[in-house]
Amino acid sequence: MITSTRRVSPDKSEVRIAFSLDNTSDVQDEEELSQTFPDLEQRLQPVPPCVSLRESVQVYKEHCRMAREFHQVKHEIAVLEDRKRKMLAELVEDEKVAMEIARLEEEFRHLTEENRTLVTVHNERAQQLKRLCLTNPSRQDSS
């Protein structure tokens, strides 16, 4: 490992550069270097690291981890949006059912009241008919 520390300009802090000329690296597999993330725009895709620089490999791995996390979060958002859409559809359907129930309850109240009125009128007419039959028995005999 070769390490060098330099001051770029007098008013800037020192910059430390470290690199190795041997072929060992934190990237064990060529597959790790060729990861692509279809959900990411091209400009946001992880750039393969300089394998001789450990920091470059670490940045690349972190970038890949963040891209996988982004994909997972994007998938979770899609699942939640789908669930929201379904729940809103159920809510609309429930509201329609609730309106229909309210309409039917109102119709039931109206028909119940109409039935009470008709029963009352029927009973009154039956009583009236009975009184008429009692007061005019001769008419009943002639018919």
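(A) Quick look at the nonpolar core. Phe37, Leu40, Tyr60, Cys64 and Ala67 form the largest nonpolar core, which has five residues in total. When neighbours within four sequence positions are excluded, Cys64 is seen to be in contact with Gln35, Phe37 and Pro46.

(B) Main features of a negative patch on the surface. A surface patch of negative charge is lined by Glu90, Glu93, Asp94 and Glu95. Locating Asp94 in the fold gives a position in helix 2 (residues 54–135).

(C) Highlighting the environment of Thr36. Tracing the sequence through the fold places Thr36 in the loop between helix 1 (30–33) and helix 2. Of the residues examined, Thr36 reaches a relative accessible area of 63% and is grouped as exposed. On a C-alpha basis, the gap between Thr36 and Val47 in space is 9.6 Å, while along the polypeptide they are 11 residues apart.

(D) How the structure looks around the confidence of the model for the chain. Model confidence for the chain is summarised by a mean pLDDT of 83, while 72% of its residues fall at 70 or above. The least confident element of the chain, judged by mean pLDDT, is helix 1 at 56; the most confident is helix 2 at 96. Note that pLDDT drops below 50 for residues 23–27; the model gives that stretch 10 contacts with residues more than four away or on any other chain.

(E) The arrangement of the side chain of Gln45 in detail. Among the secondary structure elements, Gln45 is positioned in the loop between helix 1 and helix 2. With relative accessibility at 14%, the residue Gln45 sits in the buried group. Polar contacts involving the side chain of Gln45 include one to the main-chain carbonyl oxygen of Leu40, which spans 3.1 Å. Apart from the residues lying within four places of it in its own chain, the contact partners of Gln45 are Thr36, Phe37, Pro38, Leu40 and His63.

Rules behind the numbers
- Residues numbered from 1 in each chain as written.
- Predicted model: local features only at pLDDT ≥ 70, side-chain atom pairs only at ≥ 80, totals over all residues.
- Heavy atoms only, no water.
- Core = buried A, V, L, I, M, F, W, Y, C linked by side-chain atoms within 4.5 Å.
- Buried < 20%, exposed > 50% of the residue type's maximum accessible area, 1.4 Å probe, protein only.
- Contact = heavy atoms within 4.5 Å.
- Patch = residues over 30% accessible without salt bridge, like charges linked within 9 Å, V, L, I, M, F, W, Y side chains within 5 Å.
- Areas by Shrake-Rupley, 256 points an atom, 1.4 Å probe, with all protein chains shown as cover.
- Salt bridge = Lys/Arg side-chain N within 4 Å of Asp/Glu carboxyl O.
- Lys, Arg positive; Asp, Glu negative; His and termini not counted.
- Charge placed at Lys NZ, Arg CZ, Asp CG, Glu CD.
- Helix = DSSP H or I, 4+ residues; strand = E, 2+ residues; numbered from the N terminus.
- pLDDT = per-residue confidence, 0-100.
- Polar contact = N/O pair within 3.5 Å; in protein donor to acceptor, adjacent residues only side chain to side chain.

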